[in-house]
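As a plain string of letters, each chain reads:
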Amino acid sequence: MPSSKLLILIALNLLSQCFAVPFALNRRTATTLSAAQISSFAPFTQFARAAYCDGFQDWTCGAACDANGDFEVSLAGGDDSDIQNCYFSPSLNSIIVAHEGTDPVQLESDLTDVEVLLGSLDSSLFPGISSSVQVHDGFRDEHAKTATAILAEVKALMTSKNTKNVVAVGHSLGGALAELDSLFLALNLPSGSNVSAMTYGTPRVGNPAFASLIDQHVPGFKHINNEKDLIPIVPGRFLGYAHPAGEIHIVSPGNVVACSGDDDATDSQCTIDTVPNIFDGDILNHLGPYAGTSIGTLAC
Ligand SMILES: *[C@@H]1O[C@H](CO)[C@@H](O)[C@H](O)[C@H]1NC(C)=O
């Protein structure tokens, strides 16, 4: 006997398909990436992967840590659901802020819940942002727990390492937190800072007004989706959510495209058409491989 919540979920998904017309999709182009472009993501993929692994605190986490052997851990800690990591990578001349993700099946069930609530950002963390900019309240509250500590650490590292480059990375829930961190850091670091983000298997985080702010303040934002992963299509657009620009879609191993524009476009190669609803998705694709690297507690 399916629960009432499941029935409501299915009903909403059917409704979302009936309501496809109000969300008219624009045509856009997808550009195939070169092998060199794909391999340039690898260090960030390994940082996102390392955030899941035991031993990241002293960089003894095995293959994920060895892949970025010259890193320096600066801040690492928290409990299992509340971990923030700051690294400095001399070879990338960048500060990396990495967030751990969570169990993907649990995340899917949370984000397909009918009670995925949008709320305004905390104006003390996101100064000057209008209350019409709204994000998933669970992501917002999780991000707020580590925001202040991360900002202080990043500021100190920018001075001690004499760099302006900061990259927020994360997979799954960690990708959502990295997306919030990228805006948070862009708003709070001195002007001239170079904040970007590289996220993997990231759910939608906020409404279209939030997505446009990411486009505006974090022009280097990239979110990488693997094949038929369904986490990137939740929460649904019909619930008021949208991704920012910067989708990279791994169509199949070795065939990777950059998708232009925002989360309102149609093409055969990007996620929005590849996974039109969760029943067409495959949760196993959430773990990767992202150009050869799987991410998750099982991939340490
Ligand atoms: C900004 O940071 C990224 C990531 O480290 C780097 O690839 C890029 O070259 C930087 N841009 C500038 C203008 O320094």
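Per an unreviewed UniProt entry, the protein carries the name Alpha/Beta hydrolase protein and comes from Lentinula guzmanii.

Digging into the overall build of the protein
Along the protein, the regular secondary structure elements total nine helices and 13 strands. For the protein, the proportion of its 300 residues judged to be buried stands at 51%. Sequence separation of 24 or more characterises 70% of the internal contacts of the protein that already satisfy a separation of 6 or more. Of the roughly 12,400 Å² that the protein leaves accessible, carbon and sulfur atoms contribute 55%.

Some remarks on the state of the cysteines
Under the criterion given, the structure shown has three disulfides. Two residues share a disulfide in this structure: cysteine 61 and cysteine 65, whose sulfurs sit 1.9 Å from each other. Here the disulfide of cysteine 61 and cysteine 65 is right-handed, its torsion about the S-S bond being about 115°. Look at cysteine 61 and you get buried, because its relative accessible area is 6%. For cysteine 65, a relative accessible area of 1% translates into the label buried. Between the sulfur atoms of cysteine 259 and its disulfide partner cysteine 270 the distance amounts to 2.0 Å. Torsion about the S-S bond of the cysteine 259 and cysteine 270 cystine: about -105°, corresponding to left-handed handedness. Of this pair, cysteine 259 sits in strand β12 (residues 255-259) while cysteine 270 sits in the loop between β13 (265-266) and α9 (271-274); the two residues are eleven residues apart in sequence, bridging distant segments of the chain.

What to know about the environment of serine 132
Topologically, serine 132 is positioned in the loop between β6 (118-120) and β7 (134-136). Serine 132 gets classed as partly exposed once you look at its relative accessible area, which sits at 47%. Contact partners of serine 132, with chain neighbours within four places excluded, come to Asn207 and Ala209. A distance of 2.7 Å separates a polar atom in the side chain of serine 132 from a polar atom in the side chain of serine 130.

Notes on the confidence of the model for the protein
For the protein, mean pLDDT is 85; residues scoring 70 or higher make up 87% of the total. Taking the mean pLDDT of every element in the protein, the minimum, 40, falls on helix α1 (residues 4-18) and the maximum, 98, on strand β10 (residues 222-226). Per-residue pLDDT stays below 50 along residues 1-22; that stretch engages in twelve contacts with residues further than four places along the chain or on separate chains.

Some points on the pattern of salt bridges
For the coordinates displayed, the defined rule picks out three salt bridges. For glutamate 142, the salt bridge goes to lysine 145, with nearest N and O atoms at 3.2 Å. Residue glutamate 142 and its partner lysine 145 are located together in helix α6 (residues 137-160), separated by three residues, close to a single helical turn. The partner of aspartate 263 in a salt bridge is arginine 204, and the shortest N-O contact between them spans 2.5 Å. Of this pair, aspartate 263 sits in the loop between β12 and β13 while arginine 204 is found in the loop between β9 (194-200) and α8 (208-217), placing the two residues 59 residues apart along the sequence.

Let's talk about the site of the ligand
In the region of the ligand, the neighbouring residues are Ser94, Asn165, Val167 and Asn194. Within the side chain of serine 94, a nitrogen or oxygen atom sits 2.6 Å from an oxygen atom of the ligand. At 2.3 Å from an oxygen atom of the ligand is found a side-chain nitrogen or oxygen belonging to asparagine 194. If the ligand stood free it would expose 360 Å²; the protein chains cover 40% of that surface. Split into classes, the residues belonging to the shell around the ligand amount to one nonpolar, three polar and no charged.

Conventions and cut-offs
Residues numbered from 1 in each chain as written. Predicted model: local features only at pLDDT ≥ 70, side-chain atom pairs only at ≥ 80, totals over all residues. Heavy atoms only, no water. Helix = DSSP H or I, 4+ residues; strand = E, 2+ residues; numbered from the N terminus. Buried < 20%, exposed > 50% of the residue type's maximum accessible area, 1.4 Å probe, protein only. Contact = heavy atoms within 4.5 Å. Areas by Shrake-Rupley, 256 points an atom, 1.4 Å probe, with all protein chains shown as cover. Disulfide = S-S within 2.5 Å. Polar contact = N/O pair within 3.5 Å; in protein donor to acceptor, adjacent residues only side chain to side chain. pLDDT = per-residue confidence, 0-100. Salt bridge = Lys/Arg side-chain N within 4 Å of Asp/Glu carboxyl O. Near = heavy atom within 4 Å. Nonpolar A, V, L, I, M, F, W, Y, C, P; charged D, E, K, R; others polar.

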